[in-house]
Amino acid sequence: MSRPSDSDIPQDIDLDAQETQEWLQALQSVLAEAGPERARFLLSRLSAAAQQWGVNWRDARNTPYVNTIRPEQEPPFPGGSDAQAIEERIASIMRWNALAMVVRANRAYGELGGHIASFASAADLFEVGFNHFFRARDAQFAGDVVYFQPHSAPGIYARAFLEGALSEEDLAYYRREIEAKRVGRQGLSSYPHPWLMPHFWQFPTGSMGIGPINAIYQARFLRYMEHRGLLQDQGRKVWGVFGDGEMDEPESLAALSLASREKLDNLIFVVNCNLQRLDGPVRGNGHIVDELETLFAGAGWNVIKLLWGSDWDGLFARDKDGELVDALNRTVDGQLQTFAANDGAFNRQHFFGQTPGTRAIGATLTDEEINRLRRGGHDMKKIFSAYQAAASHRGQPTVILAQTKKGYGMGAAGEGKMTTHQQKKLDEESLLQFRDRFKLPLSDEQCRELAFYKPADDSPEMKHLHARRAALGGYLPRRHAGDARRTVPPLEAHSKFALETDGKEMSSTMALVRQLGNLLKDKDFGQYVVPIVADEARTFGMANLFRQVGIYSSQGQLYEPEDIGSILYYREAKDGQILEEGITEAGAISSWTAAATAYSVHGTPMLPFYIYYSMFGFQRIGDLIWAAADQRARGFLIGATSGRTTLGGEGLQHQDGNSLVTAASIPNCVSYDPAYAYELAVILDEGMRRMMERGDDVFYYITVTNENEAQPSLPDGVQDGILRGMYCLGHKPGAQVRLLGSGPILKEAVTAAALLQQHWQIEAEVWSVTSYTELARDGVAAQRAQRLSGSDGQPYVSAQLQGSAAPVIAVSDYIRTLPESIRAFVPAPYVTLGTDGFGRSDTRVNLRDFFEIYARWIAYTALCEVWGDERSRLEEAARTLGIDMNKPLSSSV
Ligand SMILES: Cc1ncc(C[n+]2csc(CCOP(=O)(O)OP(=O)(O)O)c2C)c(N)n1
């Protein structure tokens, strides 16, 4: 074993040891006589004075590698050591059943996967939560909110099995959701997935980093609801149990300062520091706990280090010269892992053998006792103390850094092993050892067969388990369907201006903001609307809402805004309605998700509108949107400044030509690319009705643009077409070509039709396609029904375009993949034009020419289809249209 040499270890040089001693003794006597409160006060004053007098001193931020809570500060364990012993036995049963479930599944089907080692390390952390802290929703209390570490799911299922929510047969369908449905069971999803287990899981955490940031904004949204008087303040908590490896994800740490800035003392993170991730140590050459302590404390969190179990208390008491603490401070995580993976004799030699002092401490223990020394996250009494301190802490969020061993109890088969994360099978010997280690009452035969173990109903364990959950309001996790509905104001009430426009000019963003403003004014419905922006409200013309409904701030407004004199001044208020998140799309979407799931999490339906730069949505935070979809979010995502050629000057990284394609990949995301204000109004109205009145588990993605358009009034009879995805702007039975346009490019199609008529007397029929995705989904379903049941129902696209062989040309401000999605359903020659390639800055006209979606290009493409291969005629037409036939393909430059 190689250890850093003494010269590598920084030494403090003490120039006057006697003086140091005097200072320390002074502190000691303050502590003894006046207590820690006074000691803290004096240290703060000293620190302030040092700053003032230019000493330039800063606290090292890290505390020693020991527990934050000292033994004498620990509260008694509720129910005493008897209750603790029962809970330890319950935890052992959970460990076994979780392990048995995973190993069984993989014995039968090696490909199913699953994890044993993560829950083995987290079991005690969960058990203390379940037995003492995680409160369920009942008639009086709305419930705590818990985010579960995803790959600890087997342990959560194991608990639900003991509690009676899952049967032994259910456990047999772990990771077999399809087969389970075939035989009438529900199947257990690999990770927490509300889409797949809608009565069980609340929050999808499977993609690392999503849980932590979502939990922070959930806690903040809870406060928002309380401050706005929409929820009673019941002291509810948001708990999040996460892995130390997961903290590497940028999203995990991204919102730490928001949590402390907002003083979210309703938020508690438990980071399971088993020091390992999938491939190896999280920080082999350092201390992940120290690093997280620095980060969380620096961001303003209350940090509780929970590193060592009770059996270490006596060792620290004997550590008069601090040699043991020094040894722990020096031992890097990679080494701690090696110690975890080895036995007492090894640890005596290599850990306690480091100095005479530590050797002497080690000598007071047998090898077996050394082997059994527990880390803090495996000691229920210590865990209880930490949770209690966190739950009662005021004014700051708390993180508990709980040190554990990965694969705890898996012995030589997995404890602290480099490969333990991936372990899904255990040999017989290891199973028997696991049983013995946790004293499980199973025969050898039962072990080999991986029998699940459930104590009798009248056993102390089962009685205790049920009694604890009864005291905490019921069982967890549970997802509530959220049956409450809201009545949406009539279409005319929020969008009359958009239906009767008579050619007035306005952009779709302006229309949206006006509709939103009207909804917010509705005296019943308005209060449930949650406008969310990530520092772009002014870009979207939303500044008037600042004054109208105010910007939420938990502190109100402590300053006089510069623009106080203006009628639209920047108004922050404790009951403000807008969530102005600053420049964090990840944060804004997390707020949106919290609001969009409030119908289920709080039983209070809210309607969030997150309005953002469309390029920074699906591609930037797509995984967060995917997670929102999984948890059945209901609300509107508004992709503003959309369209690769419509945004104009902003250039390559801002111009979105793909978000609608990504949106199409999410099954419950209903997306539209409206051209006219009336289309938008009809879509919004239907969306609100589906989500708020009918309770459909869908959310809407709508692109809007900043290009002014002459807005026609709503024609008769087109509403159904708008919603289904296409309608005709004016039928022309003899048309030689059909043009499909969308969003801002619809007018290019209209202009192209005029050019064709003007120069070549060719009749073109123009259609507005509001949603290729809805059309494609309908087409797929209709064709499948034809194949499977001989149904004669046609795809909507086919029905609309039938009866003519005239070619169809689709043009979009998005990549061609979007209009290509309906090709199979178009009953005529079909050509698509789109914006494939890198965006660039220029005028809309030049951009549309560059991407060949400009009216002249549409007209030329139509001529190619109508005339076929008549080259000379086409070249002549190109000259008439003024298009450059030699320009490069947009996607090649
Ligand atoms: C975004 C993302 N990347 C990668 C993974 C794959 N993955 C699942 S668990 C895991 C390691 C987790 O380590 P840690 O957070 O320390 O938890 P532990 O299992 O050690 O408790 C990884 C990389 C994932 N689920 N999500």
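For the structure itself, consult the block above.
Here's a quick rundown of the structure. (Residues numbered from 1 in each chain as written. Predicted model: local features only at pLDDT ≥ 70, side-chain atom pairs only at ≥ 80, totals over all residues. Heavy atoms only, no water.)

**Topic: the site of the ligand**
Turning to step 1, where the next piece is worked out: Close contacts around the ligand come from 18 residues, with Ser118, His151, Gly245, Gln276 and Lys406 the closest.
Turning to step 2, where the next piece is worked out: For the ligand, an oxygen atom lies 2.6 Å from a polar atom in the side chain of Ser118.
Turning to step 3, where the next piece is worked out: Contact between the ligand and Glu246: an oxygen atom at 2.9 Å from a main-chain N or O atom of the residue.
Turning to step 4, where the next piece is worked out: Here the ligand has 590 Å² of accessible area as a free molecule, and 75% of this is covered by the chains.
Turning to step 5, where the next piece is worked out: Grouping the amino acids of the shell around the ligand by side-chain chemistry returns two nonpolar, 11 polar and five charged. (Near = heavy atom within 4 Å. Polar contact = N/O pair within 3.5 Å; in protein donor to acceptor, adjacent residues only side chain to side chain. Areas by Shrake-Rupley, 256 points an atom, 1.4 Å probe, with all protein chains shown as cover. Nonpolar A, V, L, I, M, F, W, Y, C, P; charged D, E, K, R; others polar.)

**Points about the packing of aromatic side chains**
Turning to step 1, where the next piece is worked out: By the definition in use, this model includes 47 aromatic pairs.
Turning to step 2, where the next piece is worked out: Relative to Tyr387, the ring of Trp239 has its centre 5.2 Å away and its plane inclined at 50 degrees; by these criteria the two rings are tilted. Pair noted here: Trp239 is in strand β2 (residues 238–243) and Tyr387 is in helix α17 (residues 380–392), with a separation of 148 residues, a long-range link. This pair shows no difference in class: Trp239 is buried, exactly as Tyr387 is.
Turning to step 3, where the next piece is worked out: Relative to Tyr678, the ring of Tyr676 has its centre 5.4 Å away and its plane inclined at 35 degrees; by these criteria the two rings are tilted.
Turning to step 4, where the next piece is worked out: Residue Tyr676 is classed as buried on the basis of its relative accessible area, which comes to 11%.
Turning to step 5, where the next piece is worked out: The ring of Tyr528 is capped by Arg486, whose NZ or CZ atom sits 3.4 Å from the centre of that ring. (Phe/Tyr/Trp six-rings, centres within 6.5 Å; stacked < 30°, edge-to-face > 60°. Helix = DSSP H or I, 4+ residues; strand = E, 2+ residues; numbered from the N terminus. Buried < 20%, exposed > 50% of the residue type's maximum accessible area, 1.4 Å probe, protein only. Lys NZ or Arg CZ within 6 Å of the ring centre and 35° of its normal.)

**Considering helix α22 (residues 508–521)**
Turning to step 1, where the next piece is worked out: The end-to-end C-alpha distance of α22 is 20 Å, a good match for the 20 Å that 14 residues give at a rise of 1.5 Å each.
Turning to step 2, where the next piece is worked out: Counting buried positions along α22 gives 10 out of 14 residues, so the element sits mostly inside the fold.
Turning to step 3, where the next piece is worked out: Looking only at α22, the buried set comprises Ser508, Thr509, Ala511, Leu512, Val513, Gln515, Leu516, Gly517, Leu519 and Leu520. (Expected span 1.5 Å × (residues − 1).)

**Quick notes on the sheet that holds strand β4 (residues 302–306)**
Turning to step 1, where the next piece is worked out: Sheet architecture is open: five strands sit in the order β1-β2-β3-β5-β4, paired in parallel fashion. Taken across any chain shown, the strands that pair with only one partner, and hence form the sheet edges, are β1 (145–147) and β4. Between one strand and the next, the sheet's axes are offset by a mean angle of 15 degrees, whatever the strand orientation.
Turning to step 2, where the next piece is worked out: The pairing of strand β3 (residues 267–273) with strand β5 (residues 398–403) spans six bridges and is parallel. (Pairing = 2+ DSSP bridges. Axes fitted to C-alpha atoms, helices over the stretch in contact; angles between N-to-C directions.)

**A short note on the pattern of salt bridges**
Turning to step 1, where the next piece is worked out: With the rule as written, the count across this model stands at 49 salt bridges.
Turning to step 2, where the next piece is worked out: A salt bridge links Arg70 to Glu72; its shortest N-O distance comes to 2.9 Å.
Turning to step 3, where the next piece is worked out: We note a salt bridge from Glu820 to Arg823, for which the minimum N-O separation is 2.8 Å.
Turning to step 4, where the next piece is worked out: What makes Glu820 partly exposed here is its relative accessible area of 25%.
Turning to step 5, where the next piece is worked out: Salt bridges linked by common partners bring Glu707, Glu709, Lys747, Glu748, Arg844 and Arg848 together as one network. (Salt bridge = Lys/Arg side-chain N within 4 Å of Asp/Glu carboxyl O.)

**A word on the sheet that holds strand β19 (residues 808–811)**
Turning to step 1, where the next piece is worked out: In spatial order, the strands read β16-β18-β17-β19-β20; together these five strands make up an open sheet with mixed pairing. Of all the strands in the sheet, just β16 (726–728) and β20 (830–833) have a single pairing partner and so form its edges. With direction set aside, neighbouring strand axes in the sheet form an average angle of 20 degrees.
Turning to step 2, where the next piece is worked out: Note that β16 and strand β18 (residues 764–769) share three bridges and pair antiparallel.

**Quick look at the packing of helix α2 (residues 80–108) against helix α4 (residues 153–163)**
Turning to step 1, where the next piece is worked out: It is the contact of α2 with α4, at a shortest axis distance of 8 Å, that shows an interaxial angle of 115 degrees. Taken together, the axes of α2 and α4 are roughly perpendicular relative to one another. Like other packed secondary-structure pairs, α2 and α4 cross with a definite hand, here right-handed. Contacts between α2 and α4 involve Ile90, Ile93, Met94, Asn97, Ala98, Met101 and Val102 from the former and Pro154, Gly155, Tyr157, Ala158, Arg159, Phe161 and Leu162 from the latter.
Turning to step 2, where the next piece is worked out: Residues that form the contact of α2 with α4 fall into these classes: 11 nonpolar, two polar and one charged. (Parallel < 35°, antiparallel > 145°, perpendicular 65-115°, else oblique. Left-handed = near helix turned anticlockwise from the far one by under 90°. Contact = heavy atoms within 4.5 Å.)

**Describing the side chain of Ser742**
Turning to step 1, where the next piece is worked out: With respect to the helices and strands, the residue Ser742 is situated in the loop between β17 (737–741) and α30 (746–760).
Turning to step 2, where the next piece is worked out: A relative accessible area of 1% means that Ser742 is categorised as buried.
Turning to step 3, where the next piece is worked out: Here Val769 takes part through its backbone oxygen, which lies 2.9 Å from a polar atom of the side chain of Ser742.
Turning to step 4, where the next piece is worked out: Look past the residues within four positions of Ser742 in its chain and what remains in contact with it is Asp673, Val769, Tyr772 and Val811.

**A few points about a nonpolar patch on the surface**
Turning to step 1, where the next piece is worked out: Where nonpolar side chains cluster on the molecular surface, the patch consists of Trp23, Leu27, Leu43 and Leu46 and spans about 400 Å² of accessible area.
Turning to step 2, where the next piece is worked out: Residue position: Trp23 is located in helix α1 (residues 17–52). (Patch = residues over 30% accessible without salt bridge, like charges linked within 9 Å, V, L, I, M, F, W, Y side chains within 5 Å.)

**Here we look at the packing of α30 against helix α36 (residues 871–881)**
Turning to step 1, where the next piece is worked out: Running from N to C, α30 and α36 point in directions that differ by 115 degrees, and their axes come no closer than 12 Å. With respect to the hand of their crossing, α30 and α36 are arranged in right-handed fashion. Across the interface between the two elements, Leu755, His759 and Trp760 from α30 touch Ala877, Thr880 and Leu881 from α36.
Turning to step 2, where the next piece is worked out: Class assignment of the residues belonging to the contact of α30 with α36 gives a composition of four nonpolar, two polar and no charged.

All we've got here are geometric facts, nothing functional implied.
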